[in-house]
Each structure stands twice: as C-alpha cells, then as structure tokens.
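Chain residues, written in single-letter form:
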Amino acid sequence: MKKPRLVLLLFALFAILFHSSAQDRPNIVFILSDDAGYADFGFQGSKEFKTPELDKLAKNSVRFTQAYVSAAVCGPSRAGLLTGKYQQKFGFEENNVPGLMSKSGLAGDDMGLPLDQKTVADYLKEQGYKTALFGKWHQGNADRFHPTKRGFDEFYGFRGGARSYMSYDSENKLTRQEDKLERGFGNFQEHEGYLTDELADEAIAFMERNKNNPFFIYLAFNAVHTPMEATPEDLEKVEGLTGKRKTLAAMAIAMDRACGKVLDRIEELGIDRNTLIVFTNDNGGPSDSNESLNDPLSGTKANHLEGGIRVPFLMSWPGKITPNIVYDHPISTLDLLPTFVTAAGGNVNTVEGLDGVDLMPFLQGKNNGKPHEILYWKKENRGAIRFNDWKLVRFPDRPAELYNIKDDISEVNDLASEHPDKVRELYQKLFDWELTLERPLWQLERRFEGLAAKRMDTYRKHK
C-alpha cells in the first residue's frame, strides 16, 4: 500500500473514532427557573399549578427531595452553580444590583463574577462542547463579565436580574440598560413575542444547529420572577385563583410549555438517549412579592430557612440513571459543574477549591454514602449550617435556632435550648468555614438588609 493512501486511511479512522467519541459524550441541557415556589409544580404536589410537561420529565427523572442552592437570592446562587464553589470564596456574597453603590464604593455594573473564576461553560468548551446561554445572566453588567467572555459561544438574553416579558417600546419603556435583549455581544434588539416562549425557541434553534456535536445549553428563564406579566391566553387557562397567584400560575403555564417544546425537540432530533437534562430553581419562592408557595417549608427567598434554600430538582439521563425514582440525601447546585464536566469526559480533580461533587456515582449505586455531610450558607453576619440532619440558623439580632430537618422539615420546633452542645458544635463548624472565605467584594446599603429581616419575620407564621 502506498504511503499517502495509508496516511489517508489512518486519518479517516481517526476521524471516525473521534466522531464516535464525541457522540458518546452527552448533550447537556440545564434548565433553571427563577423565584418559583417549592410547592408550585405538579411533580411537587401542587393541585393549583398546571405543569404537565415538567411532570412528564419528572417521571423520566430522578427527583431530589433535599436539593439546595448555595444562596437564598439569585446572583450569588448562580455564581455558585456556575463555578462549583461556594461563591463566598471569591467575594460574591450578595446580589449585584445595578444603579447602586456598594459600601466599598464599587458601582453596580462593576459587581460581577470575578474574572479569575472559570465557569462550567469554560470547562465544557475545553471538552469540545458548543455552549450557549439563553435568558438571564445576572453575573455582572460590565462588558468584561459578558457571557461570551465566560465560556459561552452563544448568548441570547439580558445581562441583568429581571426584565419585562413583553417587548420594550414607546408604551413599555426601557428604564435600565441591563434589561436590553441582546444577541451575542452588543447586538441589542427587542423580541416580538412573550419572552419565555422566545427563549425556548432560541434554545431549539441552537440544538438544531449543533445536533451532530456535543452541546451545553444553560436555559435560564426569568420566569417566574417579577414583574408579574402573563399573556391573556395563559390567564384564561387558570381556574380558581385570583390576583398575583393567578398571574403566577399563568406564568408557570408558559414556562412549562416552553420546557415541553425544548424536551419534545430533543426527542424529535433523536438525541434524547444521549442528553443529560437537569431542571431546578435558583432559590426559594418570594411569597411576599409573587404569592408563591414553599409548603411544607418555612421561610422564603432571601432567608436561610428551608423555604429560602431548598429547591425542586430533576435529573434525567436515559440508560445512565434509573428514571422515576426519588433520591433523599442532600445535594447542592454546586454539584452541577462536577457532574456535567465529568459526564463530558473532563477531570474535575484538577479544579482547585471545588465544593461540589459528581452525583453520578451516588445515583448509579457505586457510592452508597451521602454526597454532602455538611452544607453552609452565609450572607454578611447571617448564616446557616446543615450537618447531617441537624441545622443551625444564625441571626444578627436574636439567638441561633436549631432544627432536626429529618424530623421537622417545616422548622417548627427550635431545639436550641434542649441541645446547647449541638449549638456550640455547629457554631464552631460554621465559624471555622467562615475563616476560609474572602471578604465580600461588595456589600449593599443597609436599606436592603431590612427586606430579608422582614421576610424572615413574616414567614414565622408557619410556626
């Protein structure tokens, strides 16, 4: 055989093997809702909210009953899941709020995910994945923080933390620059339809363009975050509810429909057997502002009771994990990065400071232990720690509270006075962890801290 022909044959064989290897790696679709109530899904037991598409996904998924976020508000929660690290390690401790000046003098647009932190998209790009973000970013408005500079090949969404679901025009006026709808970098143009539907359509178009190579989609809905805006057609589908709760239910219908469109297209493209799908929420529902329900949990967005930090969580990967089962041990959204990157063929053992773990060994029966024996939360001098079934909640202005989460999911029975030794033990563990953290890069003015305190007091009604 002539040498050139041999070279061509070897090259062809290498190309076939490489293509096969690429196809063996799963597509990854990560869907994140925003400010949804823990109880406001059919698969979570709701009789009021209609979520048939996500209910269908739940039947094909592992449903996690003790899934936690790393923060009780949007910005730091997303910083944690994007990096796989407690965000306090790099100073992203509270929301970045455009238009405000922090106590350190840092302007709102300059509050963002530090540039020395790699994201899950960065790691997946290294594995040859095409990456895209559709929807809400909320990791910094300045150009240097832009998604296309943080590992995402494509971006269609907005830089800020919340915006209208309708197009901005002469009647629905744009008031904040970070609310602009953007395609790629710096290309701003308003959409025509309801934004939740538009984001799903963009995700579908991306899948169609990349169906022959592994891809990662971060579909970050702003639904069901305020403003409370639903279409008349979706409002007509809601029965028995009034006021904000009716609007919220209609917004949930739209988000569920959008999820269904994406999930159906995955199947139609014939890539469902090789696609890892996760659906979860970024923090607890803010019941005081959108009338979401976190039952049976006490608490709400912005505080460290279970209702602020425990979230619905579904994971599906056909042929890799058993569908329609319940997993009861605590997990964290910090686990997303190591789970995704490992599934993609990467080695997370080289990631310095990683706090999440790969969930697959636990779900596949290769590891019968718990993914996390201990979890932490902190915002300024408020904090919480969960150690096995015990949870301590620390306040700036009252004694700490102690709960046994296994026996008391609603955090009704404060056991601090009965177990002072356990209080001291958990206080010490929380303090030791805090000593490893960086100082916050920004802290907002005190007027915003009152909101969290108000919410905490309001949701003591559960007690």
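The numbers attached to residues start from 1 for each chain and follow its sequence in the written order. Thresholds applied to this predicted model are a pLDDT of at least 70 for local features of residues and 80 or more for the giving and counting of side-chain atom pairs; totals over whole chains, interfaces and linings are not thresholded and use all residues. The side-chain quantities take in all heavy atoms of the structure and omit both hydrogens and water.

Participant: Is there a simple way to think about helix 12 (residues 420-434) in this case?
Facilitator: Each turn of an α-helix holds 3.6 residues, which means side chains three or four residues apart point in the same direction. In this text, helices come from DSSP runs of H or I with a minimum length of four residues, and strands from runs of E with a minimum of two, each type numbered from the N-terminal end. The span you would expect from a helix comes to 1.5 Å times its residue count less one. Compared with an ideal rise of 1.5 Å per residue, which puts 15 residues at 21 Å, helix 12 spans 21 Å between its outermost C-alpha atoms and is within 8% of the ideal. Along helix 12, the residues that are buried comprise Lys 422, Val 423, Leu 426, Leu 430, Trp 433 and Glu 434. Down the axis of helix 12, the sector holding all buried residues measures 110°, keeping them to one side. Set apart from the buried face of helix 12 by more than 90 degrees, the exposed residues are Asp 421 and Arg 424. Elements that come into contact with the buried residues of helix 12 comprise strand 14 (374-379), strand 15 (382-387), strand 16 (390-394) and strand 17 (401-404). With a 1.4 Å probe rolled over the protein chains alone, any residue whose accessible area is under 20% of its type maximum counts as buried; one over 50% counts as exposed, and the rest are partly exposed. The directions considered for the arc are those from the helix axis to the C-beta atoms. Contacts between residues were defined by any pair of non-hydrogen atoms, one from each residue, lying within 4.5 Å.

Participant: Got a minute to help me understand the packing of helix 2 (residues 52-59) against helix 7 (residues 243-268) in this structure?
Facilitator: Each pair of packed helices gets described by two things: the angle between the helix axes and the distance between those axes. A fitted line through C-alpha atoms serves as each axis, taken over the contacting stretch for helices, and the angle formed by two N-to-C directions is quoted from 0 to 180°. Following both chains from N to C, one finds helix 2 and helix 7 inclined at 50°, their axes separated by 7 Å at the closest point. Overall, the two elements helix 2 and helix 7 adopt an arrangement that is oblique. Contacts between helix 2 and helix 7 involve Pro 52, Glu 53, Leu 54, Lys 56 and Leu 57 from the former and Asp 256, Cys 259, Gly 260, Leu 263 and Asp 264 from the latter. Put simply, Ala, Val, Leu, Ile, Met, Phe, Trp, Tyr, Cys and Pro go in the nonpolar bin, Asp, Glu, Lys and Arg in the charged bin, and everything else, Gly too, in the polar bin. Residue composition of the contact of helix 2 with helix 7, by class: 5 nonpolar, 1 polar and 4 charged. Each angle gets one of four labels, with under 35 degrees taken as roughly parallel, over 145 as roughly antiparallel, 65 to 115 as roughly perpendicular, and the rest as oblique.

Participant: Looking at this structure, I do not really get the layout of surface pockets. What am I missing?
Facilitator: Left-over empty space is what a probe sized like a water molecule reveals as it rolls over the atoms. Of the two site types, the cavity is a set of points on a 1 Å grid over the protein atoms alone where a 1.4 Å probe fits but cannot get out, and the pocket is an open set with protein on both sides within 12 Å along at least five of seven lines, each lined by residues with an atom within 4 Å of a point. Grid points are joined across faces, edges and corners, and a volume is the space filled by probe spheres set on the points. The calculated volume of the second largest pocket comes to roughly 400 Å³. Counting only elements with at least two residues in the lining of the second largest pocket, the list comes to helix 2, helix 7 and strand 9 (275-281). For the lining of the second largest pocket, the leading source of residues is helix 7, giving 5 residues. Tallied by class, the residues present in the lining of the second largest pocket amount to 8 nonpolar, 5 polar and 5 charged.

Participant: Could you clarify how one ought to interpret the pattern of salt bridges in this entry?
Facilitator: Side-chain pairs of opposite charge can arise whenever the charged atoms involved come near each other. Criterion for a salt bridge: a side-chain nitrogen of Lys or Arg within 4 Å of a carboxyl oxygen of Asp or Glu. Scanning the model with the defined rule gives 34 salt bridges in all. With a shortest N-O distance of 3.5 Å, Asp 34 and Arg 78 are connected by a salt bridge. Here the residue Asp 34 occupies a position in the loop between strand 1 (27-33) and helix 2, and Arg 78 occupies one in helix 3 (residues 74-83), the gap between them amounting to 44 residues. Residue Asp 34 is classed as buried on the basis of its relative accessible area of 0%. Measuring nitrogen to oxygen at the nearest pair gives 3.5 Å for the salt bridge that ties Asp 389 to Arg 386.

Participant: In this structure, what is going on with the nonpolar core? I would like to understand it.
Facilitator: Nonpolar side chains in soluble globular proteins generally cluster together in the buried interior. Take the buried Ala, Val, Leu, Ile, Met, Phe, Trp, Tyr and Cys residues and link them wherever side-chain atoms come within 4.5 Å; each set so joined is a nonpolar core. Ranked by internal contacts, the top residues of the largest apolar core, which has 66 residues, are Phe 30, Phe 64, Phe 216, Tyr 218, Met 315 and Phe 340. With 5 residues, helix 10 (residues 336-343) is the largest single contributor of residues to this core. With residues near it in sequence (within four places) discarded, Phe 64 still touches Phe 313, Met 315, Tyr 327, Ile 331 and Leu 363.

Participant: I'm lost on the environment of Ile 266 in this one. Help?
Facilitator: Examined against the element boundaries, Ile 266 turns out to sit in helix 7. Distance in space between the C-alpha atoms of Ile 266 and Glu 208 is 9.0 Å, their sequence separation being 58 residues. Not counting residues within four places of it along the chain, the set of residues in contact with Ile 266 comprises Val 29, Met 207, Ile 271, Asp 272, Thr 275 and Ile 277.

Participant: Hey, could you run me through empty space enclosed by the protein in this one?
Facilitator: This structure, assessed with the given rule, holds 3 cavities of 30 Å³ or more. What the largest cavity holds in volume is close to 80 Å³. Around the largest cavity, the lining is made up of 13 residues, and of these Ala 71, Ala 72, Val 73, His 304 and Lys 379 lie nearest the centre. Ranked by the residues each element gives to the lining of the largest cavity, the list is headed by strand 14, at 3 residues. Partitioning the lining of the largest cavity into residue classes produces 5 nonpolar, 4 polar and 4 charged. Considered as a void within the structure, the second largest cavity measures approximately 40 Å³ in volume.

Participant: Can you walk me through the sheet that holds strand 15 in this structure?
Facilitator: Strands qualify as paired when DSSP identifies two bridges or more between them. Here 4 strands make up an open sheet; going across it, the order is 14-15-16-17 and the pairing antiparallel. The outermost strands of the open sheet, each flanked by one partner alone, are strand 14 and strand 17. Each adjacent strand pair in this sheet contributes to an overall mean axis angle of 10°, direction not counted. Bridge count between strand 15 and strand 16: 5 bridges; the pairing is antiparallel. Within strand 16, the position partnered with Ala 384 by the bridge is Val 393. Packing against the sheet, helix 12 makes contact with strand 14, strand 15, strand 16 and strand 17, and its axis sits at approximately 70° to strand 16.

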